[in-house]
Amino acid sequence: MGWDELGAAARELAGQILANGYRPDLILGIARGGLLVAGALSYALGVKNTFTMNVEFYTGIDERLPVPMLLPPVPALVDLHDARMLIADDVDDTGQTLVLVKDFLAGKVAEVKIAVLYEKPRSSVQCEYVWSRTDRWIVFPWSADDPVETPLPQAAL
């Protein structure tokens, strides 16, 4: 996936969401890959209320922990019992991360739906909004390169 595709995919997902009649009050981005998706959907849907949850599951390319883990800080979802929440993530691979997040939200918000860029056939979760389905490993532009190890040269002002 390229950067331009992210923008187009987010707008297509927003169109699916609106065509379905769903109007989320909040968007929850699952860090890290879901942060960019959540931000793009936030703008495309005109939803300013956004949250993030940090979930660790992948440790490398196609390598995972035995189970996903919530990492602090965990959002305090206070007075949101009537809210409609949209969970945003980059990929629904096994479904385990999304199950963890949905279980965390149970009883805290009125309604939860999920939007992802990619959904894989082996997932235990069926997302309401999916841009593309694939069984392949996806290389995203935000995670394609190794972390920066040394300071980059400053551009001349």
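Our structure is the block above this text.
Residues numbered from 1 in each chain as written. Predicted model: local features only at pLDDT ≥ 70, side-chain atom pairs only at ≥ 80, totals over all residues. Heavy atoms only, no water.

Trainee: What am I meant to see in the overall build of the protein chain here?
Mentor: Helices and strands together make up the secondary structure of the protein chain, namely three helices and six strands. Listed by position from the N terminus, the elements making up the protein chain come as α-β-α-β-β-β-α-β-β. Counting all 157 residues of the protein chain, 42% fall into the buried class. Of all intrachain contacts in the protein chain linking residues separated by at least 6 positions in sequence, the fraction that spans at least 24 positions is 67%. (Helix = DSSP H or I, 4+ residues; strand = E, 2+ residues; numbered from the N terminus. Buried < 20%, exposed > 50% of the residue type's maximum accessible area, 1.4 Å probe, protein only. Contact = heavy atoms within 4.5 Å.)

Trainee: Just to check I follow, could you spell out the pattern of salt bridges for this structure?
Mentor: A side chain with one charge can pair with a side chain of the opposite charge if their charged atoms come near. Applying the stated criterion across every chain yields a total of five salt bridges. Lys120 is the salt-bridge partner of Asp93, the closest N and O atoms lying 3.9 Å from each other. In this pair, Asp93 is assigned in the loop between strand S4 (84–92) and helix H3 (96–105) and Lys120 in the loop between strand S5 (111–119) and strand S6 (129–133), connecting sequence segments 27 residues apart. Lys120 carries the same exposure label as Asp93, and that label is buried. (Salt bridge = Lys/Arg side-chain N within 4 Å of Asp/Glu carboxyl O.)

Trainee: Would you take a moment to explain the nonpolar core for this structure?
Mentor: Looking at soluble globular proteins, one finds that nonpolar side chains tend to be buried together. By size, the foremost hydrophobic cluster in this structure holds 23 residues, and its most contacted members are Ile17, Ile27, Leu41, Leu86 and Leu117. If you list the elements that add at least two residues to this core, you get helix H1 (3–19), helix H2 (33–45), S4 and S5. In terms of residue count, the dominant contributor to this core is H1 (six residues). Beyond its immediate sequence surroundings of up to four residues, Ile27 is in contact with Ala38, Leu41, Ser42, Leu45, Val47, Asn49, Thr50, Phe51, Leu86 and Ala88. (Core = buried A, V, L, I, M, F, W, Y, C linked by side-chain atoms within 4.5 Å.)

Trainee: What is the right way to read the side chain of Lys113 from this model?
Mentor: Within the secondary structure, Lys113 is located in strand S5. For Lys113, a relative accessible area of 17% corresponds to the buried category. Here the side chain of Lys113 touches Asn20 through a polar contact of 3.4 Å, side chain to side chain. Not counting residues up to four positions away in its chain, the partners in contact with Lys113 are Asn20, Tyr22, Met85, Leu86, Ile87, Glu128 and Tyr129. (Polar contact = N/O pair within 3.5 Å; in protein donor to acceptor, adjacent residues only side chain to side chain.)

Trainee: Help me out: how do you make sense of the pairing of strand S1 (residues 26–31) in this one?
Mentor: The side chains of a regular strand alternate, first on one face of the sheet and then on the other. Most of S1 sits inside the fold, with six of its six residues counted as buried. Side chains Leu26, Leu28 and Ile30 project from S1 onto one buried face, and the interleaved Ile27, Gly29 and Ala31 project onto a second face that is buried too. Note that S1 and S4 share four bridges and pair parallel. The residue of S4 that forms the bridge with Leu26 is Met85. (Pairing = 2+ DSSP bridges.)

Trainee: Please explain the pairing of S5 as it appears in this structure.
Mentor: Summarising burial for S5: eight of the nine residues are buried, a large majority. By the bridge criterion, eight bridges tie S4 to S5 in an arrangement that is parallel. Across the sheet, Asp92 pairs through a bridge with Glu119, a residue of S5. Regarding topology, H3 serves as the crossover connection from S4 to the parallel S5, and that connection is right-handed. For S5 and S6, the ladder comprises four bridges, and the chain directions are parallel. Among the inter-strand pairings, Glu119 is bridged to a residue of S6, identified as Arg133. (Right-handed = clockwise from strand over helix to strand, strands pointing away.)

Trainee: Just checking my understanding: could you explain unusual backbone geometry for this structure?
Mentor: Glycine aside, negative phi is the norm for most residues, and most peptide bonds take the trans geometry. Between Ala31 and the following residue, Arg32, the backbone shows a cis peptide bond with an omega angle of 15°. Of note, Arg32 is situated in the loop between S1 and H2.

By themselves these figures say nothing about function.
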